[in-house]
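Residue strings, one per chain:
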Amino acid sequence: MRISLERTFSRFLLMGVLLLSGGLAQTPALELASLEPLPVAKVPSSAAKPIMEFRTPARAVLDVQPFAPLRLEAVVRDVLERWKDKPLLHLNAQKQRTLLLTYHDVIPDRSFKGAVWFDATTAELEGQIASLKQRGASFITLEQLYRHLAHGEILPGKAVSLHFDDNYLGFMQYGYPILKKYGIPFAMFVHTNYVGSAVGRPKMSWEQLRVLEREGLMTVGSHSASHPAELGALSEVKQLEELLKSKVALEQNLGHEVPWVSYPNGSFSTKTLEAAHKVGYRMGFTEEWKSAEAAPDLLGVPRYINTQLERGWKDAENGRKVAAVTQLELRPTPVRLSQTWLEGVNLALIQGGSPMSLLTSGRRGVGEFMHAVGAKAGINGSFFTDALIASNDNTMIGPLLTRSLEGARQVIFRPEENPGLLSRIQQRPLVLWSRNQFMMVPFQPDSMNTRAALERLLPGVSDAFLGGAWIVHKGLPRSADQLEPFVPRDGWERRPRVFLGITRDGKMALGASTSAASTEMLARAASSAGVEEAVLLDSGYSTSLIFGKQIVAVGRARAAQPSRPVPHAIVLMDTAGVSSR
């Protein structure tokens, strides 16, 4: 009976999933009929626990009799209910940056017959491992990576995960001895229709996979069943079939759950991620060249190909310079102004109040924003796309959640829709606040560019915008090296500059240099003034800090000249029951 269940399992689960997802009505009968019974391997009793103990979405159906369709539907419905929420990255994962490197076959040298550019020679593989070790890399398993991304667990410093796609026998002959010599864990992604195949380049057999698993360094994942050239372009039925048949074959032949998948050729679509989710994969991998923490969710984790090691390492290093998550309680207090000389900067600092960001339909002076809403203090906002002084465009850079100045404070959300710009603003500080919470986190375009994403980051969020450089973190000024990837060339020039932040005791802080200062100088001054977290706002000609009717800082050479009108401003409101002086 067990064999009968295993042979009919994939057909029944797929039909159940399609029935509940509305796909069965459009499914040609021949496509469902093409689901061939999977071979059942004899797994040694010592290999792992029995298959029937697994409780992934795929395995849940094994408890169902094949001729009980109503019960089958109920089980599948329960499975989909439990797995319906998209598996999102934990916020604390943004405190680190992890490099994932993808390899394919390993060959003795470039004279190897049929060698292609993405093969790695033994010398190249050993050289890259030596280079990574010399740089202080920590090699991690897929389970460690999953716990980091899904639960926010902290990884060892400079974490790296090595992946090998396609199950080549050449890997076992030439690559594995190198990894074993250094004791480096790795993942092998297997396309199950070709296990043991001698056609073309030979593939490892089931027994060889089991042997390597028992040695403890290898984690096996799925690479689909037949390795289609464009998995993401296939019908939903075919994608489900590819991912499900591979998962079942791996679990039958290895004797344990296989919750990891990499998409062949990096081809995927939204339907691919949904299919992987439905059949029980917990983490999936693409071939986009980004750090793991840039993933939109756990089913779309990006990897670099091994030939891009230097680029991947540099991206991860730059990302680590700003990798942080800050969330502090926001406490309204009387709005007060102080002016002092700190770290070579004439610093004006306004603290307290309740913050509000505003967007006008064109451009205005900060004083006009304040007057329209009755604010006590204000500062020019973040960066906008058209810097021309004569322009009236109000398009901001990055996602924006704010209120309309002309629309009775109507809430406005604008995502960043420029693909070229999205790639350039990744990792820049995203500033959010709610009625009583303040947050800053590095911006990830694939997971933080919607209104729903902002709400997930900070429930009750009322305002959000993208800042320039994160200049103070945990009360310490960022160094020139930490600022370098995120500060433009003019960031090192001395000019009027402004920042927004929060103090150690939860007061909102608006600051400006009333003397010319570089970004690094401003960071030191803000830190010395007791600011706990701070982000650079649009400076130079846009610089404008106002307290009551007093113009505290301007962006021109003389105070008599007004600052450039801006589309976005942040103001401080007096809170009910709190008086200002």
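Anything mentioned here points back to the structure above.
Enquirer: Explain the overall build of the protein here, please?
Expert: Scanning the protein from N- to C-terminus turns up 16 helices and 28 strands. When the 581 residues of the protein are sorted by exposure, 56% land in the buried category. For the protein, the proportion of contacts with a sequence separation of at least 24, taken over those separated by at least 6, is 71%.

Enquirer: It is not clear to me how the pattern of salt bridges should be interpreted in this structure. Could you clarify?
Expert: In a structure, side chains of opposite charge can pair up when their charged atoms sit close to one another. Going through the model one piece at a time under the given rule, you end up with 28 salt bridges. Through salt bridges with shared partners, a single network forms among Asp105, Asp119 and Arg201.

Enquirer: Sorry, what's going on with unusual backbone geometry here?
Expert: One can expect most non-glycine residues to show negative phi and most peptide bonds to be in trans. Residue lysine 158 is not a glycine yet carries a positive backbone phi of 55°. Its location among the elements puts lysine 158 in the loop between helix H6 (142-151) and strand S5 (159-165). A relative accessible area of 31% means that lysine 158 is categorised as partly exposed. Phi is positive for lysine 474, close to 55°, though the residue is something other than glycine. Within the fold, lysine 474 resides in the loop between strand S21 (470-473) and strand S22 (476-477). Judged by relative accessible area, which is 61%, lysine 474 ranks as exposed.

Enquirer: Mind showing me how you'd approach helix H5 (residues 122-134) here?
Expert: Residues three or four positions apart in an α-helix share a direction because the helix packs 3.6 residues into each turn. Helix length check: H5 (13 residues) gives 18 Å between terminal C-alpha atoms against 18 Å at 1.5 Å per residue, within 8%. Considered for burial, the residues of H5 that qualify are Leu125, Gln128, Ile129, Ser131 and Leu132. For H5, the arc enclosing every buried residue in end-on projection is 160°, short of the 170-degree limit, so these residues lie on one face. Exposed and facing more than 90 degrees away from the buried side of H5 are Ala123 and Gln134. The first or second residue beyond H5 is glycine 136, which carries a positive phi of 90°.

Enquirer: What is the right way to read the sheet that holds strand S13 (residues 345-351) from this model?
Expert: Each strand in a sheet pairs with another by means of backbone hydrogen bonds, the pair being arranged parallel or else antiparallel. One open sheet holds the seven strands; their spatial order is S12-S13-S24-S23-S25-S21-S22, and the pairing between them is antiparallel. Across the chains shown, the open sheet's two edge strands, defined by having one partner strand only, are strand S12 (336-342) and S22. Where S12 meets S13, seven bridges bridge the pair, whose relative direction is antiparallel. When the bridges of S13 are listed, threonine 340 appears paired with leucine 347. Across the sheet, helix H16 (residues 519-528) is in contact with S12, S13, S21, S22, strand S23 (498-503), strand S24 (508-513) and strand S25 (531-536); its angle to S21 comes to roughly 30°.

Reading the values: the criteria
Residues numbered from 1 in each chain as written. Predicted model: local features only at pLDDT ≥ 70, side-chain atom pairs only at ≥ 80, totals over all residues. Heavy atoms only, no water. Helix = DSSP H or I, 4+ residues; strand = E, 2+ residues; numbered from the N terminus. Buried < 20%, exposed > 50% of the residue type's maximum accessible area, 1.4 Å probe, protein only. Contact = heavy atoms within 4.5 Å. Salt bridge = Lys/Arg side-chain N within 4 Å of Asp/Glu carboxyl O. Expected span 1.5 Å × (residues − 1). Arc of directions from axis to C-beta. Pairing = 2+ DSSP bridges. Axes fitted to C-alpha atoms, helices over the stretch in contact; angles between N-to-C directions.

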